[in-house]
2 protein chains.
Amino acid sequence: MTADTLLDLSRSLTGIEMDTAPQTLAAYGSDQGPVLEYVNPLAVVWARSVEQVQQILRWASRTGTTVVPRGAGTGVSGGAHATAGCIVLSLERMNRILEIRPEDELAIVEPGVINADLNAAAAEFGLMYAPDPASYRVSTVGGNVATNAGGLRCAKYGVTRDSVLSLDVVLADGTLISTGQETFKGVAGYDLTSLFTGSEGTLGVVVGITVRLRYLPVDVCTIAGFFPDIESAAAGVLAVGRARVQPAIMELLDAETMVALDTAHGSNLRSRGAALLLIQTDGYGAAAEADVVRSVLGELGGQISLEGSEEALQLVDLRRHSRGDAIHTEHRVGEDVAVPRSRLVSYIAELNRMAREHEVRLKVVAHAGDGNLHPTFWVDKTEGSAGLQRLDAALDESIALALAMGGTITGEHGVGQFKLRWLAQEQQEQVLELQRRIKAVFDPAGILNPGKAILTS
Amino acid sequence: MTADTLLDLSRSLTGIEMDTAPQTLAAYGSDQGPVLEYVNPLAVVWARSVEQVQQILRWASRTGTTVVPRGAGTGVSGGAHATAGCIVLSLERMNRILEIRPEDELAIVEPGVINADLNAAAAEFGLMYAPDPASYRVSTVGGNVATNAGGLRCAKYGVTRDSVLSLDVVLADGTLISTGQETFKGVAGYDLTSLFTGSEGTLGVVVGITVRLRYLPVDVCTIAGFFPDIESAAAGVLAVGRARVQPAIMELLDAETMVALDTAHGSNLRSRGAALLLIQTDGYGAAAEADVVRSVLGELGGQISLEGSEEALQLVDLRRHSRGDAIHTEHRVGEDVAVPRSRLVSYIAELNRMAREHEVRLKVVAHAGDGNLHPTFWVDKTEGSAGLQRLDAALDESIALALAMGGTITGEHGVGQFKLRWLAQEQQEQVLELQRRIKAVFDPAGILNPGKAILTS
Ligand SMILES: Cc1cc2nc3c(=O)[nH]c(=O)nc-3n(C[C@H](O)[C@H](O)[C@H](O)COP(=O)(O)OP(=O)(O)OC[C@H]3O[C@@H](n4cnc5c(N)ncnc54)[C@H](O)[C@@H]3O)c2cc1C
Ligand SMILES: Cc1cc2nc3c(=O)[nH]c(=O)nc-3n(C[C@H](O)[C@H](O)[C@H](O)COP(=O)(O)OP(=O)(O)OC[C@H]3O[C@@H](n4cnc5c(N)ncnc54)[C@H](O)[C@@H]3O)c2cc1C
């Protein structure tokens, strides 16, 4: 069966780049998600054009082969993982910026364009592509669309969805459709653009993206506030809001995260406080807003960086790259819940209680402006399955509490295959069923990224 | 049949307010859309609770009666028009603001809450509900959601969709579902919230809405620029962008609109220029941005209002209310196309040519920041069908050109029944078919607002 399929693949798709070498299959069969058991795909194919994507999907439909679309494979929920019998369709080589139209403030790109490359190109016109996941130097715009990625500055500028105007999508049967429009506003028909955004490759393969660009801010001010405890830092988040300042970035780091950064970079953050708030204001009002932020944080007992100090900026840079600290002697799971903003403090306090009770380690960073938290739980690998069980118990409890507070299981990373086990706790059966039926409208044979994003039974 | 249905209605739905008086049927059977022939609904029913909406839809499903959901009836595309044999389900009496949570920066409202009432309530906490259609004093938040309404300040703050976090929706069969989450970000499952937003009552009845609130700006500056011609005013729009200022409001009025305002209000706008640009900046940077705007507009030959002058603010107010000038001796159709920003000038020039060629009158206002135009075409009623034919020809040509420029047939008003005739020019058959199939997922019997928003064959 497998051999037949592969033979058919190589005969049918002549001219399309593919590879079946074991190390390639392993590399493209996994992503950054916490999945413990990998399966290899049958093959990896790289499309160079829309037509090739269509050819590949027509072939997959004909042969009933499942397809896992893939950008850079930086997803952390297991969305780009291979599943048994699938081929991986990599979009990374469709990486041309097709057009930047500065006066229309938009760009048209292929899905494999790296987020940072689009930003570099836009900057030449004084523009930016706002969504900036911490993976912006490596992740693709197509992957960002498929996960509806957030980022640091989405506190002010919104998530990926808020910048996507129009999509070209190849459906499971090879049909090419176009959604949305090249204008900032448009309400003709149902919002298919939003439906594809965040659908994690289960409804269609995104082959072209028109995004809105924003103005590169004329000024940026960065403030670091060290606080004696997480409560006063979180109070700072609400105080900035009451002062009606909308920061571009508002990140909260707990004591354990500061320790981790100190260990990795030789800094001494932890000695200066037990919680760190990093705030960036931008635009024509940046300096005035920074003054207000410094003053309200100071009143709460924060030790605030001085105007013009470079340190805060360096700290934001550290924060941006703080995820890449995987330690191979540990099982780590990074979570991605969101809670209403006022619940940040009590949620973090409860997380710490859970970590103590389940005897797991914990550190927390939060996109505090959005109430989106990234707790990381971990145990030592030497503990074996006992450690993994406690890890799972802590995770389950943390998810249940976020939901009880009116939150969500995933603020920006997506459900993938890893968070499927919690989805039915968030969404009622009728909502799950509607999603199944929408999936059936777009992909009746179920060949696109099965077992991800939605509960299929 | 009709009498039977009505009898069944009044027997089945005891305790639900309803009316079948001819003048009620006529009032609730039409909206502000340019539909020439009205039909009366069988009855108008007013729900007071979610349960009543469920009861009504269960009854409608059982009897196969079609249902037209209705907010304030201010829609201008004919979305809330009655169709033959329908009942109108008015949500206007479900008008309680259920909760405002200032620290979470959100509000939970029933669908019949008037936009302005929500804003007044939010203002007490220094917050605002950003989407502000010019109809904000009368239209409902539920109607705003169902049309994905835009507004003046959506240049900076986005359209209705960008402020909706979560929806409670009653489906055609009476099932109550909940979409989205109470947090600013969330990516669990497909984006059903966006799918309902702008679906014009064809997928479900919105019975509860959680919206994000924004900060009331600490400062607002308003600039009026009079220009000798529309070209230099439109150049001003692009120049403000190049200066990287994102105004909250950026409205463009043509000479005919100035004449109309002069006639209605005794002003002398037209004598001061042939095009008027109204710009509002807000937030901590408002004054700095206003300085930049005045300077770039001045360089283009604009006659710019002085700092601190009250006139510009009054002009914005006039503009907000400029739509309500229906004249009963004329057939008027207000359009709602959008084009990429750089095409504003050439599009308006072409509109004027069309008006001349088809011998119809024309005035144009535009949400210039978004490239969203509201041309109004009109002819004298005394001309009879000859005038109407020329009006239609001008409309058709204006739509075709907007599409050829990469635009859309409707930037914010929705398709309703009036714009259905152009929808297939914008969207390919496969996209239309996907929408039909999505409709069938939510409303298999087709009882919800049939003949609106999407092409059913
Ligand atoms: C260090 C690090 C930091 C991160 N920071 C953030 C962050 O701040 N915010 C955030 O939201 N995420 C973050 N992530 C997660 C990840 O980078 C994002 O989810 C990103 O959007 C994935 O892009 P990708 O190109 O790597 O996609 P992949 O991982 O390859 O794919 C992700 C999903 O999208 C689908 N997909 C990919 N391309 C397409 C396409 N063209 N058409 C259809 N489906 C497609 C895949 O099937 C999969 O389901 C981070 C990850 C890392 C490793
Ligand atoms: C003077 C004037 C100025 C305007 N300015 C603007 C503007 O700046 N921007 C803009 O976008 N529009 C504008 N409009 C159009 C109109 O006000 C908007 O479309 C508004 O959102 C309609 O709200 P409504 O409560 O009147 O809804 P209605 O007109 O009653 O209904 C509109 C559509 O929504 C459906 N609907 C209503 N309530 C629900 C519900 N609870 N559940 C499901 N479906 C529902 C109806 O079936 C219909 O299809 C203007 C109209 C006027 C008359």
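- Under an unreviewed UniProt entry, chain A has the name FAD-binding protein and belongs to Arthrobacter sunyaminii.
- The annotation that UniProt attaches to chain A under Cofactor (unreviewed entry) is "FAD".

### A few points about the site of ligand 2
Residues and elements named next belong to chain B.
Link 1 in the chain: Residues in close proximity to ligand 2 total 34 residues, the closest being P69, T74, G75, S135 and T140.
Link 2 in the chain: Measuring from an oxygen atom of ligand 2, one finds a side-chain N or O atom of T140 at 2.7 Å.
Link 3 in the chain: Within the contact set of ligand 2, an oxygen atom lies 2.9 Å away from a side-chain nitrogen or oxygen of T147.
Link 4 in the chain: Burial of ligand 2 by the surrounding chains reaches 95%, relative to a free accessible area of 980 Å².
Link 5 in the chain: At the level of secondary structure, the elements contributing two or more residues to the shell around ligand 2 comprise β3 (67-70), α5 (141-147) and β10 (205-212).
Link 6 in the chain: Residue contributions to the shell around ligand 2 peak at five residues, all from α5.

### Quick notes on the relation of the copies chain B and chain A
Link 1 in the chain: Overlaying chain B on chain A yields an RMSD of 0.0 Å, the required transformation being a rotation through 180° with an accompanying axial translation of 0.0 Å. Here the copies are linked by what is in effect a two-fold axis. Nearest to the rotation axis, the C-alpha of G285 of chain B is located 1.8 Å from it, this being the minimum over chain B.
Link 2 in the chain: Most of the interface of chain B is mirrored in chain A, where 100% of its interface residues are also at the interface.

### Some thoughts on the interface of chain B and chain A
Link 1 in the chain: Counting residues at the interface gives 87 residues for chain B, matched by 87 residues for chain A.
Link 2 in the chain: Summed over both sides, the interface between chain B and chain A buries roughly 6,800 Å², with carbon and sulfur atoms accounting for 60% of that surface.
Link 3 in the chain: Seen at the junction of chain B and chain A, the total is eight salt bridges.
Link 4 in the chain: Measuring nitrogen to oxygen at the nearest pair gives 3.8 Å for the salt bridge that ties K185 of chain B to D370 of chain A.
Link 5 in the chain: Remark: the boundary between chain B and chain A carries 35 residue pairs in polar contact (both at pLDDT 80 or more).
Link 6 in the chain: Counting only elements with at least two residues in the side of chain B that touches chain A, the list comes to α6 (154-157), β9 (176-180), α7 (192-196), α8 (230-242), α10 (286-299), α14 (420-426) and α15 (429-442) of chain B.
Link 7 in the chain: Its residues assigned to classes, the side of chain B that touches chain A comprises 37 nonpolar, 32 polar and 18 charged.

### A closer look at the nonpolar core
Link 1 in the chain: Counting residues in hydrophobic clusters, the biggest one holds 66 residues, and the most contacted among them are L195, F196 and F442 of chain A together with L195, F196 and F442 of chain B.
Link 2 in the chain: For F442 of chain A, the contacting residues outside a window of four places in its chain are L171, A172, L192, L195, F196 and L203 of chain A together with L434 and I438 of chain B.

### Quick look at the sheet that holds strand β12 (residues 220-227) of chain B
Residue and element names in this part refer to chain B.
Link 1 in the chain: A sheet is described by the order of its strands in space; here seven strands give the open sequence β15-β12-β14-β13-β17-β18-β16, paired in antiparallel fashion. Each edge of the open sheet carries a strand with a single partner, namely β15 (303-304) and β16 (330-334).
Link 2 in the chain: Pairing of β16 with strand β18 (residues 372-380) involves five bridges; the strand directions are antiparallel. Residue pairing across strands places E330 opposite D380, the latter belonging to β18.
Link 3 in the chain: This element, α8, spans β12, β13 (249-254) and β14 (275-282) of the sheet and lies at about 20° to β14.

### Some details on the domain arrangement of chain A
Residue and element names in this part refer to chain A.
Link 1 in the chain: Domain annotation for chain A reports domain 1 (3-90), domain 2 (97-215), domain 3 (220-319) and domain 4 (330-418).
Link 2 in the chain: Centre-to-centre separation of domain 2 and domain 3, based on C-alpha positions: 30 Å.
Link 3 in the chain: Taken together, the contact between domain 2 and domain 3 spans six residues of the former and eight residues of the latter.
Link 4 in the chain: A combined buried area of about 650 Å² lies between domain 2 and domain 3, and 52% of that area is made up of carbon and sulfur atoms.
Link 5 in the chain: Sorting the residues of domain 2 by area buried against domain 3 places L152, A155 and K156 first, and these three jointly supply 74% of that buried surface.
Link 6 in the chain: Where domain 2 touches domain 3, the interface holds one salt bridge.
Link 7 in the chain: We note a salt bridge from K156 to D282, for which the minimum N-O separation is 2.6 Å.
Link 8 in the chain: Of the residues in the side of domain 2 that touches domain 3, the class split is four nonpolar, no polar and two charged.

### Focus on the site of ligand 1
All names here are of chain A.
Link 1 in the chain: Residues in contact with ligand 1 amount to 34 residues; listed here are only the nearest, P69, T74, G75, S135 and T140.
Link 2 in the chain: Within the backbone of G73, one N or O atom sits 2.8 Å away from an oxygen atom of ligand 1.
Link 3 in the chain: A distance of 2.6 Å separates an oxygen atom of ligand 1 from a polar side-chain atom of T74.
Link 4 in the chain: Protein burial of ligand 1: of its 960 Å² of free accessible surface, 95% is covered by the chains.

### Topic: the side chain of R341 of chain A
Link 1 in the chain: Here R341 of chain A lies in the loop between β16 (330-334) and α12 (344-358).
Link 2 in the chain: Accessibility expressed as a relative area gives 5% for R341 of chain A, which makes it buried.
Link 3 in the chain: Within polar-contact distance, the side chain of R341 of chain A engages the backbone oxygen of E103 of chain B at 3.4 Å.
Link 4 in the chain: Here the side chain of R341 of chain A touches E105 of chain B through a polar contact of 3.1 Å, side chain to side chain.
Link 5 in the chain: The residues touching R341 of chain A, leaving out its near neighbours within four places in the chain, are V237, L238, G241, M250, A368, G369 and G371 of chain A together with E103, D104, E105, F184 and Y215 of chain B.

### A few points about the pattern of salt bridges
Where charged atoms of side chains with opposite charge meet at close range, the side chains can pair.
Link 1 in the chain: Here the structure, examined in full by the defined rule, presents 62 salt bridges over all chains.
Link 2 in the chain: In this structure, D8 of chain A engages R62 of chain A in a salt bridge whose closest nitrogen and oxygen atoms are separated by 3.2 Å. With a gap of 54 residues between them, D8 of chain A in helix α1 (residues 2-12) and R62 of chain A in helix α3 (residues 50-63) connect regions that are remote in the sequence.
Link 3 in the chain: For R62 of chain A, a relative accessible area of 54% gives the class exposed.
Link 4 in the chain: Here R320 of chain B ties to D132 of chain B by a salt bridge, and the two come within 2.9 Å at their closest N and O atoms. Of this pair, R320 of chain B sits in helix α11 (residues 311-320) while D132 of chain B sits in the loop between β7 (127-128) and α5; the two residues are 188 residues apart in sequence, bridging distant segments of the chain. For the residue pair R320 of chain B and D132 of chain B, the accessibility class agrees, reading buried in each case.
Link 5 in the chain: Where salt bridges share partners, they join E99, R101, D104 and E182 of chain A into one cluster.

Rules used throughout
- Residues numbered from 1 in each chain as written.
- Chains lettered and ligands numbered in written order.
- Predicted model: local features only at pLDDT ≥ 70, side-chain atom pairs only at ≥ 80, totals over all residues.
- Heavy atoms only, no water.
- UniProt positions renumbered as here; feature names shortened; annotations may be inferred.
- Near = heavy atom within 4 Å.
- Polar contact = N/O pair within 3.5 Å; in protein donor to acceptor, adjacent residues only side chain to side chain.
- Areas by Shrake-Rupley, 256 points an atom, 1.4 Å probe, with all protein chains shown as cover.
- Helix = DSSP H or I, 4+ residues; strand = E, 2+ residues; numbered from the N terminus.
- Least-squares fit on C-alpha atoms with pLDDT ≥ 70 in both.
- Contact = heavy atoms within 4.5 Å.
- Buried area = accessible area lost by both parts, 1.4 Å probe.
- Salt bridge = Lys/Arg side-chain N within 4 Å of Asp/Glu carboxyl O.
- Nonpolar A, V, L, I, M, F, W, Y, C, P; charged D, E, K, R; others polar.
- Core = buried A, V, L, I, M, F, W, Y, C linked by side-chain atoms within 4.5 Å.
- Buried < 20%, exposed > 50% of the residue type's maximum accessible area, 1.4 Å probe, protein only.
- Pairing = 2+ DSSP bridges.
- Axes fitted to C-alpha atoms, helices over the stretch in contact; angles between N-to-C directions.
- Domains from an automatic or database assignment.

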